[in-house]
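For reference, the chains in residue letters:
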Amino acid sequence: MDQQQMKQAVADAALEYIRSKLDNDTVLGIGTGSTANLFIDNLASIKGHINATVASSEASAARLKSHGIPVYDLNSVNQVDFYIDGADESNSALQLIKGGGAALTREKIVTAVAEQFICIADESKLVHTLGQFPLPVEVIPMARSHVARELVKLGGDPVYREGVVTDNGNIILDVYNFSIPKPLETEARINNITGVVTNGLFALKPADVLLLGTAGGVKTLRAE
């Protein structure tokens, strides 16, 4: 299978994973990105069984609505049973880097609420040490230079993602050349920089399950 076929395979596997668990009260959290989009398209086939969804971005909300799938504000639901989203990187502990699509803050909020986070990704995303993919950091615009200087002190090379404004009205700094052997410590440290909204490390609350597309099929991984 090529990468696109792997993405489709994990989107299909995610649909099967949740299908038998749906009931009239189930609320699905839906992520953002190319693999999440494939999952959204799969949901159209069972939309009559979906009570409610919440989306981590305006783009995902629009895609869900285009299929006639109900989308609610997170504040209007009592729980999120499953959150299904992709990742830019994952380690064996299912700690992730997310935010390539600039939706990291809303993704992290939905993750915090969800009972179970199901990550869907192809095998190229599984790494030994996080940081090969540049770490996104969402920043209040007036703090951009200050945050960049602090990220340099941590050993990274922050680059302003030009032309990108998040759904929250903020900007993104992508931190390159930044190996992350201690994701828990690094996530907390960056979040403590004044002006940072959040960063793309999902280590304090990692995925519960990783459905990983490989050349030999989809593997189900749980944190080591």
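Placed above this text is the structure.
Residues numbered from 1 in each chain as written. Predicted model: local features only at pLDDT ≥ 70, side-chain atom pairs only at ≥ 80, totals over all residues. Heavy atoms only, no water.

K.L.:
Just give me the short version of empty space enclosed by the protein, but keep the residues and values in it.
P.N.:
A complete count under the given rule lists 1 cavity of 30 Å³ or more for this structure. Lining the largest cavity are A102, A103, L104, T105, R106, E138, T166, D167 and N168. If one sorts the elements of the lining of the largest cavity by residue count, helix α4 (residues 104-113) sits on top with 3 residues. Residue composition of the lining of the largest cavity, by class: 3 nonpolar, 3 polar and 3 charged. (1 Å grid on protein atoms, 1.4 Å probe; cavity = no way out; pocket = protein on both sides within 12 Å on 5 of 7 lines; lining within 4 Å. Points joined across faces, edges and corners; volume = space filled by probe spheres on them. Helix = DSSP H or I, 4+ residues; strand = E, 2+ residues; numbered from the N terminus. Nonpolar A, V, L, I, M, F, W, Y, C, P; charged D, E, K, R; others polar.)

K.L.:
Got a sec to walk through the sheet that holds strand β10 (residues 196-199)? Specific residues and values, please.
P.N.:
The 4 strands are arranged β8-β9-β7-β10 in an open sheet whose pairing can be described as antiparallel. Two strands close off the open sheet at either side, each with one partner strand: β8 (157-160) and β10. Each strand of the sheet is rotated relative to its neighbour by a mean of 30 degrees, with strand direction disregarded. Across 3 bridges, strand β7 (residues 135-139) lies against β10 in antiparallel orientation. The partner of V137 across the bridge, within β10, is N199. Helix α6 (residues 183-191) rests against β7 and β10 of the sheet, and its axis sits at about 165 degrees to β10. (Pairing = 2+ DSSP bridges. Axes fitted to C-alpha atoms, helices over the stretch in contact; angles between N-to-C directions. Contact = heavy atoms within 4.5 Å.)

K.L.:
Can you tell me about unusual backbone geometry, naming the residues and giving the values?
P.N.:
The phi dihedral of L94 is positive, around 65 degrees, even though this residue is not glycine. With respect to the helices and strands, the residue L94 is situated in the loop between β4 (89-90) and β5 (96-97). For A102, which is not glycine, the phi dihedral falls at a positive 70 degrees. As for its placement among the helices and strands, A102 is situated in the loop between β5 and α4. Judged by its relative accessible area of 11%, A102 is buried. (Buried < 20%, exposed > 50% of the residue type's maximum accessible area, 1.4 Å probe, protein only.)

K.L.:
So what's going on with the environment of P70? Which residues, and what values?
P.N.:
Along the chain, the position of P70 falls in the loop between α3 (58-66) and β3 (80-85). With relative accessibility at 27%, the residue P70 sits in the partly exposed group. With 16 residues separating them along the chain, P70 and G86 place their C-alpha atoms 21 Å apart. Once residues within four sequence positions are removed from consideration, P70 is found in contact with I50, N51, A52 and T53.

K.L.:
Lay out the environment of D157 with the relevant residues and their values.
P.N.:
Its location among the elements puts D157 in strand β8. Through-space distance from the C-alpha of D157 to that of Y176 is 4.9 Å; in sequence the pair is 19 residues apart. Once you skip the residues sitting within four places of it in the chain, D157 turns out to touch D174, V175, Y176 and N177. Within the local environment of D157, its side chain forms a polar contact with the side chain of N177, the two groups lying 2.7 Å apart. (Polar contact = N/O pair within 3.5 Å; in protein donor to acceptor, adjacent residues only side chain to side chain.)

K.L.:
Run through the pattern of salt bridges, naming residues and quoting values.
P.N.:
Under the definition given, this model contains 9 salt bridges. The shortest N-O distance in the salt bridge between R63 and D41 comes to 2.9 Å. Taken as a pair, R63 in helix α3 and D41 in helix α2 (residues 34-43) lie far apart in primary sequence, 22 residues in all. R63 gets classed as partly exposed once you look at its relative accessible area, which sits at 31%. Among the salt bridges present, the one from K98 reaches E107, with a minimum N-O distance of 3.4 Å. Residue K98 is classed as buried on the basis of its relative accessible area, which comes to 2%. (Salt bridge = Lys/Arg side-chain N within 4 Å of Asp/Glu carboxyl O.)

Bear in mind that shape data such as this cannot, by itself, settle questions of function.
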